[in-house]
Amino acid sequence: ESTSVYSGSVDGSLYLMKNQKEKLRMTMPMTLSFCYMALLWLREPITLSELLRFVVEGHIPYLNVFQHFPEKMKLCGLDLKIFSVESWPVYEEVFNKMHELAAFLDLPRFPEITESCFLHPDMLCMKYLMEANLPDELHNWTCRVVKKIGIGEVDFLTLVPGNKSTRKVKYDVLAAALIVVVLKLLFLLDDHYEWFLSEFAEERNKNDTEVCIFFSGAPYFEFKKWYEVVKHSLDVEQKKLDEERAKYLWRCEKPLFYSVKNKSKVVKRRQMVVNLQNQFGKLSGSVGRAEKPNPSSFQLSWSEENTDGSCFHGHSLKGILQEKCGLLTAMNPDYWLCTVKLCNEKLCGHLAHYKEVEFPQSYHFVLRLFSFLLRIQPSYIHEEVCMIEHKLFNKKLCKKLKYNSVLRK
Amino acid sequence: SSHEHKLNFRKSKEACLSYIQDALLQKQWKRAAEFLTCYIESLEKDYSREHIGPSEMIRRIGTEILWHHSQSSMKEFSCFMEQMKTLGVKRYLKVCLEHVFHLLCNGQIDEAYQNLSLAESWRFGEQTAIQDKEMKLIQAYRGLLDYYSWSKQKNILLEHGEDGFSDLAVEQEMHSYFRKAAVNLKEIIKIPGVWDLFVKCYVDLLEFYGDHNEARQVLNEYAYNSKFPANPNAHVYLYQFLKRQGESKKSLVSALKILHDIVPSHELMIDFNTMLQKSKKRKKRRLGLEVIFAALDYAGWKENAKAWSCLARQVKQIVISDKHLDWIKKEWNSRKDWWPAFHFSRYLAKRNWQENKSLSYEKALVAGILLGKDCKYFKYISHQGCKAQLKRFRMMKRFVNRHNPVYLRISG
């Protein structure tokens, strides 16, 4: 075979050389930034975390994408460094690159994100509340918070490339963080109050069933029951996910080799790998790798038709609310801030830092739940929570800065 | 489980290995195979930089799984081993040797022998010299299998001899196995190490062909050469050889003395004490007492009636002669604080009486002498023995009562 067939790309070596003028080089993760940018422009009903999850689940060509290249395109040499993928795409990286790209391409203001858009917090919160098996009634609360701090405004949500003054919005993380804040508003989540409220609700539910056999109206939402049901499912799914990570296959049938010289070696190795995989695959006992399930938007689903009471969508918050001056407020009078002072994002790259041991376990649990659903670190959600809290309690914070970390609402 | 959502090749393979490890530890072979299947692609990223790279991992894990998995056959196992041999030339001989061990465990002696011969003929540039140690081992094990064949032929010959047949062919084969075995066994035991099995076989060969001098030299080297690691068995083998040869008590004693120094709890200590007690030399008898006391310091000897009878006999003999009570005093001095609870508790008295009357007899005698007639062990046993109207217990009681003042002098 002539060398020209396996010379790889003409400029592969140049491409990888550090070039200070052009910081934006096309990479595999960058292709996802492009995709996300396009999806955002089109306002498609898909979030970045979903996109990345589909990539990892193999529904979107990414890993070993060169398999699908036309025959004539033969990768070798330094092309391998560009096209072979050996790590899952990282949310932050794809997100940041997308914004750089939009600015680089000098794109105008993106199509507006309005209340009826999928990416609007009101919509996303609805989806995530469902997935988290939380009462629909909580949606009123997320909407209220959105309104109060102005994050539902078109100008806040719409991307203007190159505008360094506006904060870049992570729609999915924002919606998740909103739900966390609402849960803190209503249940405090200090490892005590939420269980106390739950006992109270349990009592009420028992009385109700005893007193009126045909009681209509939704049961009181019991935090404890919800926690048990959701934790169980979460643990099962997390365990599955962890095993999938360990069983993840990175290579494909088509081997990659640097040069003609090591082609035969690589092919031989590949053959041995396939043989061994067959040998031990037969001893696995499992019925081989099942067909990939279709991509699904919901990872956890709860059905109201289940009679075991494991679906909380229709449950009521009446036990934890009260009316004051014609307005429904939470019975919970307290709130604890995740952090009194936000970090300087430009200095350390983050608004806040998360250490599990420093926070209540209930708080950690809800972070873990959304961390699983969005496939991102709990600390990202924690950061957004801090950001929302600081907007929400802005006035009070300006007054009492350093000393109080527990506020009365 | 980690909530880490960043994942790369290395981390996922690390996670895979930890799942494999868990499955292996719980003997879940199917599950281990499932995860190993996913790990195998690491071979394509084997840069031989790590101490134990992917190919070695796969070899070790795969060997374990194939060895234990119910659906795996020996044929599959051998096929896998052959593949593994091609993966790492630096470990080639080691893998060959391990394969041979597995074949031997499975009873496939002939196949093991073939593999050993094949491995012996392997040459690979400078690797041959580097893997010299493994080569010696391979030759040694072939020698061992040759010994095994020799042994079989010898038995056939002996059978035929009984029947009155003489079989020249068998005899010649036997001699040829001997020559092959001897050459290799001799080589390996030259290298400092623990070669118990090889030494025993070699000595067996030498003894059969009447080369007792060589046998003695080999055993002496094995036991006394300081370059070799301290090995109690070496002294045992030497002692057994000397005994077979009918050597003098003196040489037997010197062989066992070292054994006593290294392993005071060795089972041969009974023989040793018996030998020493009978000696005319005072020093030897003194040593005998030391030896038997030392052996009984160990929990494994607590219920050994023979050992106790040795001690009882010697103690009784010293008490009767009224000479050398200071020997007992010295031995008892370091033991009087803990032997009572260790050997002579009331609970043990009851148990010993129930389970082994001879044991309780011997022990009671010793207890009575060392702790006096008021000690609970002696009191209980002698009472039970007299109640059961057993003569020897009555006599023992009388003996202890008569010599009671002795205990005061001992414990003084």
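Residues numbered from 1 in each chain as written. Chains lettered and ligands numbered in written order. Predicted model: local features only at pLDDT ≥ 70, side-chain atom pairs only at ≥ 80, totals over all residues. Heavy atoms only, no water.

### Let's talk about the domain arrangement of chain A
Residue and element names in this part refer to chain A.
Part 1: When cut into domains, chain A gives domain 1 (23-107) and domain 2 (115-261 + 311-395).
Part 2: Summarising the inter-unit geometry, the C-alpha centres of domain 1 and domain 2 are found 28 Å apart.
Part 3: Contact with domain 1, which involves 35 residues of that partner, is made by 31 residues of domain 2.
Part 4: Surface buried jointly by domain 1 and domain 2 totals about 3000 Å² across both partners, of which 66% is contributed by carbon and sulfur atoms.
Part 5: If you sort the residues of domain 1 by the area they bury against domain 2, Trp88, Tyr91 and Glu92 come out on top, with a joint share of 19%. (Domains from an automatic or database assignment. Contact = heavy atoms within 4.5 Å. Buried area = accessible area lost by both parts, 1.4 Å probe.)

### Remarks on a nonpolar patch on the surface
Part 1: There is a patch of nonpolar side chains on the surface, built from Met26(A), Phe34(A), Phe104(A) and Leu105(A) and spanning about 370 Å² of accessible area.
Part 2: For Phe104(A), the location among the structural elements is in helix 5 (residues 91-104). (Patch = residues over 30% accessible without salt bridge, like charges linked within 9 Å, V, L, I, M, F, W, Y side chains within 5 Å. Areas by Shrake-Rupley, 256 points an atom, 1.4 Å probe, with all protein chains shown as cover. Salt bridge = Lys/Arg side-chain N within 4 Å of Asp/Glu carboxyl O. Helix = DSSP H or I, 4+ residues; strand = E, 2+ residues; numbered from the N terminus.)

### Some thoughts on the packing of aromatic side chains
Part 1: Per the stated rule, a full pass over the model turns up 46 aromatic pairs over all chains.
Part 2: Ring centres of Trp250(A) and Phe9(B) lie 6.2 Å apart, and the angle between their planes is 55 degrees; on these two criteria the pair is classed as tilted. One end of the pair, Trp250(A), is in the loop between helix 11 (223-246) and helix 12 (263-282); the other, Phe9(B), is in helix 1 (residues 9-25), on a second chain. Here Trp250(A) and Phe9(B) have matching classes, each one buried.
Part 3: Between Trp195(B) and Phe198(B), the aromatic rings sit 5.8 Å apart at their centres with planes inclined by 70 degrees, giving edge-to-face as the arrangement.
Part 4: The class of Trp195(B) is buried, set by a relative accessible area of 13%.
Part 5: The class of Phe198(B) is buried, set by a relative accessible area of 5%.
Part 6: Taken together, the ring pairs in this structure connect Phe187(A), Trp195(A), Phe221(A), Phe223(A), Trp226(A), Tyr227(A), Phe312(A) and Phe365(A) into an aromatic cluster.
Part 7: Over the face of the ring belonging to Phe342(B) we find Lys302(B), whose NZ or CZ atom lies 4.3 Å from the ring centre. (Phe/Tyr/Trp six-rings, centres within 6.5 Å; stacked < 30°, edge-to-face > 60°. Buried < 20%, exposed > 50% of the residue type's maximum accessible area, 1.4 Å probe, protein only. Lys NZ or Arg CZ within 6 Å of the ring centre and 35° of its normal.)

### A word on unusual backbone geometry
Part 1: Even without glycine at this site, Asn64(A) takes up a positive phi of about 55 degrees.
Part 2: Mapped onto the elements, Asn64(A) comes out in the loop between helix 3 (48-56) and helix 4 (79-83).
Part 3: A relative accessible area of 9% means that Asn64(A) is categorised as buried.
Part 4: One non-glycine residue, Lys27(B), adopts positive backbone phi at about 55 degrees.
Part 5: Its location among the elements puts Lys27(B) in the loop between helix 1 and helix 2 (29-39).
Part 6: When its relative accessible area of 60% is taken as the criterion, Lys27(B) is described as exposed.

### Some words on helix 19 (residues 346-355) of chain B
Residues and elements named next belong to chain B.
Part 1: Those residues of helix 19 not exposed but buried are Leu348, Ala349, Asn352 and Trp353. Each buried residue of helix 19 lies within a common arc of 130 degrees when the element is viewed along its axis, so the set occupies one face. Along helix 19, the residues that are exposed and aim more than 90 degrees away from the buried face are Tyr347, Gln354 and Glu355. (Arc of directions from axis to C-beta.)

### So, the pairing of strand 2 (residues 327-330) of chain A
All names here are of chain A.
Part 1: Pairing of strand 1 (residues 321-324) with strand 2 involves 4 bridges; the strand directions are antiparallel. Bridge assignment links Lys324 to a residue of strand 2, and that residue is Leu327.
Part 2: Counted between consecutive antiparallel strands, the loop separating strand 1 from strand 2 contains 2 residues, among which Cys325 sits at a positive phi close to 55 degrees. (Pairing = 2+ DSSP bridges.)

### Section: the nonpolar core
Soluble, globular proteins show a tendency: their nonpolar side chains are buried together.
Part 1: In this structure, Leu276(A), Phe280(A), Leu36(B), Leu185(B), Phe198(B), Leu311(B) and Tyr377(B) are the most contacted members of the largest nonpolar core, which totals 133 residues.
Part 2: Ignoring anything within four residues of it in the chain, the contact list for Leu311(B) reads Leu289(B), Ile292(B), Phe293(B), Leu296(B), Trp339(B) and Val366(B).
Part 3: Membership of the second largest hydrophobic core comes to 106 residues, among which are Leu75(A), Cys125(A), Val146(A) and Met387(A). (Core = buried A, V, L, I, M, F, W, Y, C linked by side-chain atoms within 4.5 Å.)

### Some thoughts on the interface of chain A and chain B
Part 1: Listed as interface residues are 36 residues of chain A and, on the opposing side, 41 residues of chain B.
Part 2: When the buried area of chain A at its contact with chain B is split by residue, Arg245(A), Phe280(A) and Leu283(A) rank highest and sum to 19% of it.
Part 3: On the surface where chain A and chain B come into contact, there are 4 salt bridges.
Part 4: For Glu34(B), the salt bridge is made with Lys247(A), and the minimal N-O distance between the two is 2.3 Å.
Part 5: Applying the counting criterion to the chain A and chain B interface returns 15 residue pairs in polar contact (both at pLDDT 80 or more).
Part 6: Ranked by residues supplied to the side of chain A that touches chain B, first place goes to helix 12 of chain A with 11 residues.
Part 7: When its residues are assigned to classes, the side of chain A that touches chain B shows 12 nonpolar, 11 polar and 13 charged. (Polar contact = N/O pair within 3.5 Å; in protein donor to acceptor, adjacent residues only side chain to side chain. Nonpolar A, V, L, I, M, F, W, Y, C, P; charged D, E, K, R; others polar.)

### With respect to the environment of Leu80(A)
All names here are of chain A.
Part 1: With respect to the helices and strands, Leu80 occurs in helix 4.
Part 2: Counting along the chain gives 176 residues from Leu80 to Leu256, while the straight-line C-alpha distance between them is 7.2 Å.
Part 3: Those residues in contact with Leu80 that lie beyond four places of it in its chain are Leu75, Leu256, Phe257 and Tyr258.

### So, a positive patch on the surface
Residues and elements named next belong to chain A.
Part 1: A surface patch of like charges, here positive, comprises Arg144, Lys148, Lys395 and Lys396.
Part 2: Listed by contribution, the elements that provide at least two residues to the positive patch are helix 7 (138-149) and helix 16 (394-399).
Part 3: Examined against the element boundaries, Lys395 turns out to sit in helix 16. (Lys, Arg positive; Asp, Glu negative; His and termini not counted. Charge placed at Lys NZ, Arg CZ, Asp CG, Glu CD.)

### Side note on the packing of helix 12 (residues 232-244) of chain B against helix 13 (residues 249-262) of chain B
Residue and element names in this part refer to chain B.
Part 1: Remark: helix 12 packs on helix 13, axes separated minimally by 9 Å, with the N-to-C direction vectors making an angle of 160 degrees. In terms of axis orientation, helix 12 runs roughly antiparallel to helix 13. Handedness of the helix 12/helix 13 crossing: left-handed. Residue-level inspection shows Pro232, His235, Val236, Tyr239, Leu242 and Lys243 of helix 12 in contact with helix 13, the latter providing Ser251, Leu252, Ala255, Leu256, Ile258, Leu259 and Ile262.
Part 2: Residue composition of the contact of helix 12 with helix 13, grouped by class: 10 nonpolar, 2 polar and 1 charged. (Axes fitted to C-alpha atoms, helices over the stretch in contact; angles between N-to-C directions. Parallel < 35°, antiparallel > 145°, perpendicular 65-115°, else oblique. Left-handed = near helix turned anticlockwise from the far one by under 90°.)

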